[in-house]
Amino acid sequence: MYDKLNEIREETLRRLNEAGDEKELEALGVSVLGRSGALTEILRGMGKLEKDERAKFGQTANLVKKELEDAISLRREKIAAAMQEKRFALEALDVTEPGVRKRPMGRLHPMTQTYRTIRDALVGMGFTTFDGPEVEYDEYNFTKLNLPKDHPARDMQDTFYVSERVVLRTHTSPCEARALLALEPPFRLVIPGRVFRVDEADASHSPVFMQMEGLVIDRNISLADLKGTIDAFVHAVFGEEVKTRFRPSYFPFTEPSAEVDISCTMCGGCGCRVCKGTGWLEIMGCGITNPHELENCGLDPREWSAFAFGLGVDRVASLRYGITHNRLQYENDARFLGQF
Amino acid sequence: MKLPLSWLKDYVEWNVTPEQLVEKLMWRGFEVASVETQMQEISGVVVGRIASLRRHENSDHLLVCAVDVGKGEPVQIVTGAPNVFEGALVPAALDGAKLAGGMSIKPTVMRGVQSLGMLCSGQELGLTEADYPGAGIHGILILEGERTPGQDIRQALGMDDVVFNIELTPNRADCQSVVGMCREAAAALGQTFREPAIKRVKGAGSAADYARVSVLNSELCPRYCARVVTDLNIAPSPAWMQKRLRAVGMRPINNIVDITNYVLVEYGHPMHAFDLACVKDGHIVVRNAHENEVVTTLDGKERPVSPETLLIADPEKGVGIAGVMGGLNSEITENTKATLFESAVFKGSNIRATTRSLRHTTDAAARFMKGVEPVNAMLALERAVELVDQLGAGKVVGDTIDVCAADTSERVVEADAAHINRILNTKIPAKDMADMLGSINIEAKAEGDTLVIRVPHYRVDIESGVEADWDIAEEVARIYGYYNIAPKLMEGSTFSGRVGEAFRDEDKLKDALAAQGLYEMYNYNFTGPAALEALRIPEGDEKRLAVKLLNPFGEDQSLMRTTLLPGMLDALARNLSRKTGHAAFFEIGNCHFDNNPDLPEERKLLGILLAGEGEDFFTLKGLIEEVCSRFYMEIEVAPGGGEYFQPGRKGVIHAGGEAVGELGALHPAVRKAWEIDCPAYYAELNVGKLLSHKGATPAYKALPKFPKVARDIAIVVDESVTAKEARDVIEKARLKVVLDDISLFDVYRGQGIPAGKKSMAWSFTLRAEDHTLADEEIQTAVATLVRALQARLKAELRG
């Protein structure tokens, strides 16, 4: 009987490795361990043995049974794993095929994205948003800003007129006058908005464009504060590695005034087509607010001091994205808008 | 302004390169836009004398010249130009020469005859008639006067200068002159400015014997200076003067005209010379024009002038328009024997008005508009007379006529050095500031912290009073160097910066629209009457109350938009014609309504435009609903809307009971006008009104604990019954269970439904807060709903 038992064991272990799938394995299990399986038969014939002998054989037979049961279940797991692998192979995808876009995102205009970046950089520095009308009184657009009628500097900005006293604002600066008249200093404002100039559209000009103005009024504001603020702001918008350069200039509403250049964002300052070989890009005008403007708005320039700066969002967007022609920003070609 | 280097060298010791000067001027606030070297491209071209010439044996139009180029043996050059002659002095380009446009010259053989170079036209040297007489003609440039063969052509023509093109800021009218700019350049280079000394010509006799001046409007003409020159000897001006005038782009004419132009460039003050014989009684009267007066100006044009215009006249007639242009009747000619040189100050604003009404401007007028000052007027006049004397152009008569109402006394202003240091955040001692001002010829003394400054007559930009501190701060800063002021972050008050609510809402709105797949547009704010007409906007409609521009680019851009539609349609049409493959856009922008006496009403509008496959009225409506849900608000749409929509497919959008916009399918006639050949859907909403109804931040509602069951019912109703009416009935039915998720999922007309009726299929869910619904409860609820629909809408349950 021991021989028989050993034979069954060996035979089963051998056939086990031949079982290729779940079904064959099942059949093998039944033929050995089933109700009329070989091993079951042997166990059934055990009754004929002596008591001592029976106990001893029983122990051995149960060990074999356990061993075979474990071997079958191990084999079953192996077969299942192999099957799954096969299925996975069949289901494998070409992951380089394009994604299915069920709900394509829209796009915000590059100017909106740029405006938000600039605005948020300034808000982080304590500036609060302020707004004013696009169709504006001459009084606010010019006179209050130290540009009385017939001031030679009025020629700097060709103006669309609605009437003798109403214009399309040529800059966001009239909001400075509105804010200085309406709010209690000290304050820091960021003023975005559309402005208008009688400029035919070309690569760098547009009769309509978006400007952003910064205004800070406090006690003891200095040119050094202006430089520091603009440096910090330029780094936030264009990156830490970008350098600034302040050149003396003139604006009627600031004194002293400066033009701010940044090191060329295209070539890093080595000189290229965008910066016309100079390594610098003119980016904004700024200065210490002219005392006349403060006086015109009812503030004592000896008590309060202010600085202001203004930049073109269109221009910053063009630099940011390398847009070569300003007209593209107002043409609204979907192939253009879809890039940002 | 154009500043020739040769002229600069008269007043400033030159010890740098042009590039260094450009950089140093930049730090002083003067932007040099370009540096031009005259005839920069030209090399290897010399003066040649045609020693002899003969016809080419194999050609009837070529000439073979022996040209003396200063090398002993003449060189042989073949030319096709017929205007050369024996003894002519011509530009000869020799082997290896470079001409305009990069052309290079090599020896060649022309029809069997060797040619060792080329004779040049003005054009081939990059010259125009303004640069040199004869340069504009077709043919070889023939040089005037005596020249040495072999001399470099640039030197021979006097075209070897370097010219700086400087962009001046409007506050520095004084630098619109060689003298003014050299003063700044000297300071920038750390040099002493060699101030020009004018030798006043005393002259013989008295001007009063020849001329007198009456100024009838001293407000518009605060100073009028004049000197008389007799025995004029009109001739070309000397080469050195012509050379300088050409370098600044002026064309030499004759000695008298050239002197006025020379002084204009050098001193920045416009002058005029009258033929004294043409001024009746030699009496100059400065007066306003009479009603209906006409003046014929130097350019031969008859110009009607109005009483606001200031004229230079004699007792009978106008002889010039003050500050703009002289009269033809008193022009200097070859026969002029005596002249009156005028150097006057005219009020800039009046000259501006004159040029506007004449629709004509001149260099002189531009100077007056930028501002001139009375002391310089006299300097310029004396300089001009000095040149007359120096050039032997005439006999200067004694005495200067000077009718002066202007204040020419020296101004002394005080500035507070401590305040200047506060403005700049510097610690510059007052004495150092005084020295800095001295370096730009502003005499200043430090008395403690006070700077006492004697303002030079030409620095009209430096104000008296409190403002002087800022003016002087600017001067100190640019001399000290902006780059020497260390940047710092602001101290003192702290601020919490904020994006205002309206700005935040606009961000959120745009993000929601982009999330719906829309592309954002930016269109110009301009439109025109034709566009409003094409949109079928009726007369009297609010959208016809457009703000008109007085100076538009054209009729089609003469109005400020009252709707975003025209700009968006232009862009849509462009996109469709370019087949860009995307036709879902939005724009948020201001529109203006000329509806009140102050500023026009400014309304921020949102336009949404959809076109193409898969889009219809309801995709547009659903998109708006979805976007509004971002603001916890719901909209309702009722029939109505503008004439640009198709009747029956348009609606007015309401939020919180207020009309906030409209939507619809665009009218075929509108689409036709923009050549859009597919259906297009447009909505326009008033952003401010819409968002005034936004919902509060929502309070959390507990999630249902018991399951809901879905049911649907189909009802047949009259065509006239709207979805909203049916929904209202369903929503308001009194049920003992909770009704959720009501949705109209199908509307059907046709087979099985009687004419004039339609079937609506509604789905919804039912649940209870505290238990799982029993079948009986569900059936009761559905039956109640059906009864309500039958009672209120005469609806029948569809089998």
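What counts as what
Residues numbered from 1 in each chain as written. Chains lettered and ligands numbered in written order. Predicted model: local features only at pLDDT ≥ 70, side-chain atom pairs only at ≥ 80, totals over all residues. Heavy atoms only, no water. Phe/Tyr/Trp six-rings, centres within 6.5 Å; stacked < 30°, edge-to-face > 60°. Helix = DSSP H or I, 4+ residues; strand = E, 2+ residues; numbered from the N terminus. Buried < 20%, exposed > 50% of the residue type's maximum accessible area, 1.4 Å probe, protein only. Lys NZ or Arg CZ within 6 Å of the ring centre and 35° of its normal. Core = buried A, V, L, I, M, F, W, Y, C linked by side-chain atoms within 4.5 Å. Contact = heavy atoms within 4.5 Å. Disulfide = S-S within 2.5 Å. Pairing = 2+ DSSP bridges. Axes fitted to C-alpha atoms, helices over the stretch in contact; angles between N-to-C directions. Parallel < 35°, antiparallel > 145°, perpendicular 65-115°, else oblique. Left-handed = near helix turned anticlockwise from the far one by under 90°. Nonpolar A, V, L, I, M, F, W, Y, C, P; charged D, E, K, R; others polar. Salt bridge = Lys/Arg side-chain N within 4 Å of Asp/Glu carboxyl O. Domains from an automatic or database assignment. Buried area = accessible area lost by both parts, 1.4 Å probe. Polar contact = N/O pair within 3.5 Å; in protein donor to acceptor, adjacent residues only side chain to side chain.

### Here we look at the packing of aromatic side chains
In the structure shown here, the tally under the stated rule is 20 aromatic pairs over all chains. Relative to Phe309(A), the ring of Phe127(A) has its centre 6.3 Å away and its plane inclined at 65°; by these criteria the two rings are edge-to-face. Taken as a pair, Phe127(A) in the loop between helix H5 (110–123) and strand E1 (128–129) and Phe309(A) in strand E10 (residues 305–312) lie far apart in primary sequence, 182 residues in all. Here the two residues Phe127(A) and Phe309(A) agree in accessibility, since each one is buried. Pairing Phe346(B) with Phe368(B) gives two aromatic rings, centres 5.2 Å apart and planes at 65°, and the pair type is edge-to-face. Taken together, the residues Phe346(B) in the loop between strand E20 (339–345) and helix H7 (348–358) and Phe368(B) in helix H8 (residues 363–370) connect sequence positions 22 residues apart. Phe346(B) gets classed as buried once you look at its relative accessible area, which sits at 3%. Residue Phe368(B) is classed as buried on the basis of its relative accessible area of 3%. By way of ring pairs, the aromatic residues Phe127(A), Phe233(A), Phe307(A) and Phe309(A) are connected into one cluster. Above the plane of the ring of Tyr140(A) lies Arg178(A), whose end atom (NZ or CZ) is 4.5 Å from the centre.

### Some remarks on the nonpolar core
The biggest cluster of nonpolar side chains holds 77 residues, and the ones touching the most others in it are Phe233(A) and Ile453(B). Looking at which element gives the most residues to this core, the answer is helix H8 (residues 223–238) of chain A, with 8 residues. If we ignore the near neighbours within four places in the chain, the residues touching Ile453(B) are Arg411(B), Val412(B), Val413(B), Ala415(B), Leu437(B), Ile442(B), Glu443(B), Ala444(B) and Ile472(B). By size, the runner-up hydrophobic cluster in this structure holds 53 residues, among which are Phe193(B), Cys225(B), Val385(B) and Val388(B).

### Section: the state of the cysteines
All names here are of chain A. Enumeration over the complete set of coordinates arrives at 0 disulfides over all chains. Summary of cysteine pairing: Cys175 is not part of a disulfide, and the nearest cysteine sulfur, belonging to Cys297, is at 12 Å. Of all cysteine sulfurs, the one in Cys267 lies closest to Cys264, which takes part in no disulfide; the gap is 3.5 Å.

### Some points on the environment of Ile253(B)
All names here are of chain B. With respect to the helices and strands, the residue Ile253 is situated in the loop between helix H5 (239–247) and helix H6 (255–267). Overall, the relative accessible area of 57% leaves Ile253 in the exposed class. In this structure, the C-alpha to C-alpha distance between Ile253 and Ala723, residues 470 residues apart in sequence, is 87 Å.

### A word on the sheet that holds strand E2 (residues 31–37) of chain B
All names here are of chain B. One open sheet holds the 3 strands; their spatial order is E1-E10-E2, and the pairing between them is antiparallel. Looking at strand neighbours, the two that pair on one side only are strand E1 (2–4) and E2, the edges of this open sheet. Across this sheet, the average inter-strand angle for adjacent strands is 25°, counted without regard to direction. Sheet topology note: the E2/strand E10 (residues 162–167) ladder contains 6 bridges and is antiparallel. Looking at E10, one finds that Glu31 is bridged to Glu167. Strands in contact with helix H2 (residues 18–27) are E2 and E10; relative to E10, the strand with the most contacts, it is inclined by about 15°.

### Description of the sheet that holds strand E18 (residues 318–321) of chain B
The pairing of strands in a sheet happens through backbone hydrogen bonds and is either parallel or antiparallel. Residue and element names in this part refer to chain B. Taken together, 5 strands build an open sheet; the order of strands is E11-E14-E17-E18-E19 and the sheet is mixed. Each edge of the open sheet is held by one strand with a lone partner, namely strand E11 (212–215) and strand E19 (325–326). In this structure, strand E17 (residues 310–313) lies alongside E18, joined through 3 bridges in antiparallel fashion. Each residue of the ladder has a partner; that of Ala313, found in E18, is Gly318.

### Description of the environment of Phe341(B)
All names here are of chain B. With respect to the secondary-structure elements, Phe341 resides in strand E20. According to the relative accessible area criterion, Phe341 is buried, its value standing at 0%. In sequence terms Phe341 and Ala226 are 115 residues apart; their C-alpha atoms lie 5.3 Å from each other. Look past the residues within four positions of Phe341 in its chain and what remains in contact with it is Cys225, Ala226, Arg227, Val229, Ile256, Thr260, Met271, His272, Ala273, Leu381 and Val388.

### Some thoughts on the packing of H5(A) against H8(A)
Residues and elements named next belong to chain A. Contact geometry of H5 with H8 gives a least axis separation of 9 Å together with a crossing angle of 135°. By the criterion of interaxial angle, the relationship of H5 to H8 is oblique. Crossing angle aside, the handedness with which H5 passes H8 is right-handed. Residues Thr117, Ile118, Ala121 and Leu122 of H5 form the contact with H8, whose own contacting residues are Phe233, Ala236 and Val237. Each residue belonging to the contact of H5 with H8 can be placed in one class, and the counts come to 6 nonpolar, 1 polar and no charged.

### A word on the pattern of salt bridges
Residues and elements named next belong to chain B. Inspection of every chain in the model, using the stated rule, returns 75 salt bridges over all chains. The salt bridge involving Glu491 is made with Lys488; its shortest N-O contact spans 3.4 Å. One continuous salt-bridge network, built from bridges that share partners, spans Arg172, Asp174, Glu184, Arg459, Asp461, Glu475 and Arg478.

### Looking at the domain arrangement of chain A
Along its sequence, chain A is carved into domain 1 (2–91) and domain 2 (110–337). For domain 1 of chain A versus domain 2 of chain A, the distance between C-alpha centres works out to 87 Å.

### Side note on the interface of chain A and chain B
Facing 95 residues of chain A, the contacting portion of chain B comprises 85 residues. Carbon and sulfur atoms make up 58% of the surface buried where chain A meets chain B, a total of about 7500 Å² over both sides. Where Arg578(B) meets Asp333(A), a salt bridge forms, and the shortest distance between an N and an O atom there is 2.8 Å. Our count for the chain A to chain B interface comes out at 39 residue pairs in polar contact (both at pLDDT 80 or more). Looking at which element gives the most residues to the side of chain A that touches chain B, the answer is H8(A), with 8 residues. Here the side of chain A that touches chain B is built from residues that sort into 45 nonpolar, 22 polar and 28 charged.

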